[in-house]
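For reference, the chains in residue letters:
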Amino acid sequence: MKYELLFALANKGILLSTSFFIILILIVGIGFSQIGESSEKTLLAIIWIAISLSSLLSIKTMFQEDFDDGTLDLYILSNTSIETIIFIKSIVHWITTNLPIIILIPLISFPLGITIYHSILICFVMLLSTPALSFISTIGAALTLGEKGGNLLISIFILPTFLPIIIFGMKISLLITNSTYDIMAHLILFALSLICIAITPFITSLIIKIHYT
Amino acid sequence: MNLIGSSLSCKRDGKLIFSDLSFKIKSGDVCFIKGPNGSGKSTLLRLLAGFIKVWTGKVSLNNEDITNRNDIIYNNFFYIGHSNSLKNYLTVKQQIDFWEGISEKKYNFESDSFNLKKILNRRIYECSEGQKRRVGLSRLSIDDKKVLLLDEPTTSLDIENVSRLKNYLKDHQKKGGIAIVASHETFISSNNQDIILTLNPPKNRERDPFL
Amino acid sequence: MIKFRKNIWEFANPNNFLSIANKIIPFFLILTIITLSLGLVWGLFFTPEDYRQGSSVKIIFIHVPTAFLAINIYFMMLLASIIWLIRRHHVSLIAAKSAALIGLIMTLSAMLTGAIWGKPIWGTYWAWDPRLTSFAILLMFYLGYLSIWQTMKFSDKIGDLSSWLCIVGSIFALLSRYAVFFWNQGLHQGPSLSLDKEENIDNAFYFPLIICIIGFVLLFLTLLLIRIKTEIQKRKINILLNARDG
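If you're wondering where the values come from, they're calculated on a predicted model, not measured in any experiment. (Residues numbered from 1 in each chain as written. Chains lettered and ligands numbered in written order. Predicted model: local features only at pLDDT ≥ 70, side-chain atom pairs only at ≥ 80, totals over all residues. Heavy atoms only, no water.)

Q: Any chance you could explain the side chain of B:H172 here in plain terms?
A: Residues and elements named next belong to chain B. Checked against the element boundaries, H172 lands in helix α6 (residues 159-174). A residue is classified by how much of its surface remains accessible, and H172, at 6% relative accessible area, is buried. Ignoring any residue separated from it by four or fewer positions in sequence, one finds H172 in contact with K145, K146, L148, G177 and I178. (Helix = DSSP H or I, 4+ residues; strand = E, 2+ residues; numbered from the N terminus. Buried < 20%, exposed > 50% of the residue type's maximum accessible area, 1.4 Å probe, protein only. Contact = heavy atoms within 4.5 Å.)

Next up, the structure:
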């Protein structure tokens, strides 16, 4: 099951989301350089916002294509539960959109004034938390299934739900750049993302089933 | 094997699509569903396939009540809808591999019921509509279930391929399977066994709660 | 007990609801006007000035009730959505839908009055204080809920979708709220009203404030009833139009 989805999704979008991320960072960087107020803090905020925006980028197509061409019917009628398929799809989505960006972050943040050691720690925090972003966005994809131009709607629904993770993520990465480490906060963040990963496939499958009644 | 539906009705978005539908299909039967557009042909098939919940009535297979029992439905029913479930960027071979992965069975290239050998390495977006339909129908012979639910299977097929489909269905009949086909034409003619089920819009519409 | 349950679910029939609503709306309207004017006049003109905050403290009589409603209307929507998902009563769904806009307006007015109050006291209209931030979060989820109704036509499917959105939204709104509170305590004073007496504000403010809150709740109920009534009538018109067209 896994390999089919991997090769199905490999055909689109890895380059797209990373280039979106790079362009977003560069544009904001150039914009801030005009005001003359670019600091580590703003850079951290931008990285987190950029990563959450780019994880919303290709989410619309996740179920929409399968819904349109009838593959989703097939999944529902197959022996594999939809929850499993949603789980696999979310992981594939994370690998194709967020993982390349996380690998890029040390390269981007090093010239902009964050030490490599710190940026690797930040990457670690992102590794813990960004899978949850992919999983949460499946809810949005399921809600707007069959809706033309649902992309805007997805961002309206889903961006607010990223808040808990973004709040913790930003705070922790700020602490990291100040060389303080709050183990408690790491644990809470990890717990949050694990809860999201555990629960969202069930919610998403319930919402997808609504479209079939 | 027999499939019996008794006084089925189905509701969608608060509206009654059809009501009081009863049928009885034995093994070896092909049942054609007829009716004007919007009379619920596709809805009936999707209801039997387990997508839509039965509003009232009962479906039973081999005298066992299977109403809303998706586990039994999955093991015995096979549904092909309007769409062919194809991914544009795959080749025909990859697409079949993908389906084989889902159903854990193999497409029989020896008999090749749908004449796909020639187009195996073509990408789906390069195929014509008829070829796409053939690829879509090839799922029939990958997954071989007892009850086939086909929604307009002859759309954009030429005469030769319609006869291939007929042959496939006849084989299926001989094996004792059931096929339920929603179609405008009965394409297995001169066979008295065929059952024809006509859907009519419900006469007594239920009162809307808002009225 | 059984009789009581039967009675309460009879409201769920749109027609029964409509006839009852028609009877009680004028009653509610009058009651709202009396309580609100009593509370506001008492609060604004017959309470002493605070020795630190001066007369600016009197905005409390609008700020606290609207904030109270903004949060509780979301809970009401959540409840109504769950009732819709479980028991499929259309009135419940319509109630959730109609309450959302009122809730949005209450949130906005709580934020606005808070800003007006904050300027003389804290010296700023807005600060990223946890309580203020959680109102910003609430605002986002109201907007999300309203936008699903804005873009799609009324149907049972959209009702299901919006109900799920409401449930998911409330989970994440709570999570975000605690995430914000985890990091700092902020400058906003503690809750103005609580059950243990010691923390409460002075008696001179207490009674008019309670009356104001009751008045605002009545105002909300009246508006909600009127909105549900129009929504039901809208659906009736739609159905009749469809029936006429075949």
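From this point, things continue past the structure.
Q: Quick question: what am I supposed to make of the sheet that holds strand β6 (residues 77-80) of chain B here?
A: The pairing of strands in a sheet comes from backbone hydrogen bonds and takes either a parallel or an antiparallel form. Residue and element names in this part refer to chain B. Pairing within the open sheet is parallel, and its 5 strands lie in the order β6-β7-β8-β3-β9. The outermost strands of the open sheet, each flanked by one partner alone, are β6 and β9 (195-198). Neighbour-to-neighbour, the strand axes of this sheet turn through a mean angle of 15 degrees, independent of strand direction. Note that strand β7 (residues 147-151) and strand β8 (residues 178-182) share 5 bridges and pair parallel. If you follow L149 over to β8, its bridge partner there is I180. Each of β3 (30-34), β6, β7, β8 and β9 is contacted by helix α1 (residues 41-49), which is oriented at about 150 degrees to β7, the strand it contacts most. The sheet contacts of α6 involve β3, β7 and β8, and relative to β7 the element is tilted by about 155 degrees. (Pairing = 2+ DSSP bridges. Axes fitted to C-alpha atoms, helices over the stretch in contact; angles between N-to-C directions.)

Q: Explain helix α3 (residues 60-87) of chain C here, please?
A: Note that an α-helix has 3.6 residues per turn; residues three or four places apart therefore point the same way. Its 28 residues give α3(C) an end-to-end C-alpha distance of 39 Å, which sits within 8% of 40 Å, the value for a rise of 1.5 Å per residue. Remark: C:R88 follows α3(C) within two positions and exhibits a positive phi of approximately 55 degrees. (Expected span 1.5 Å × (residues − 1).)

Q: Is there a simple way to think about the nonpolar core in this case?
A: Side chains of a nonpolar character, in soluble globular proteins, are inclined to be buried together. One finds B:L3, B:F77, B:L140, B:L149, B:I180, C:I73 and C:M77 to be the most contacted residues of the largest nonpolar core, which totals 177 residues. Counting residues per element, this core draws most heavily on helix α4 (residues 90-122) of chain C, at 12 residues. With residues near it in sequence (within four places) discarded, B:L149 still touches B:L45, B:L48, B:A49, B:F77, B:F78, B:Y79, B:I80 and B:I180. C:I59, C:I60, C:W117 and C:I213 belong to the second largest nonpolar core, which has 10 residues in total. (Core = buried A, V, L, I, M, F, W, Y, C linked by side-chain atoms within 4.5 Å.)

Q: Sorry if this is basic, but what is going on with the pairing of strand β4 (residues 56-61) of chain B here?
A: Walk down a regular strand and you will see the side chains alternate between the two sheet faces. Residue and element names in this part refer to chain B. Pairing analysis gives 5 bridges linking strand β1 (residues 2-12) to β4, with the strands arranged antiparallel. Its bridge partner being in β4, I4 is matched across the sheet by S60. As paired elements, β4 and strand β5 (residues 64-65) share 2 bridges and run antiparallel to each other. Across the sheet, L61 pairs through a bridge with E64, a residue of β5.

Q: What exactly am I supposed to notice about empty space enclosed by the protein here?
A: Where empty space is left can be seen by rolling a probe of water-molecule size over the atoms. All told, the structure shown has 2 cavities of 30 Å³ or more when counted by the stated rule. For the largest cavity, the calculated volume is near 110 Å³. In terms of lining, the largest cavity is formed by 15 residues, of which the most central are A:F157, A:T161, C:F141, C:L165 and C:G169. For the lining of the largest cavity, the secondary structure elements donating two or more residues are α7 (116-143) and α8 (150-161) of chain A together with α5 (130-151) and α6 (156-183) of chain C. With 5 residues, the top contributor of residues to the lining of the largest cavity is α8(A). Here the residues of the lining of the largest cavity sort into 12 nonpolar, 3 polar and no charged. (1 Å grid on protein atoms, 1.4 Å probe; cavity = no way out; pocket = protein on both sides within 12 Å on 5 of 7 lines; lining within 4 Å. Points joined across faces, edges and corners; volume = space filled by probe spheres on them. Nonpolar A, V, L, I, M, F, W, Y, C, P; charged D, E, K, R; others polar.)

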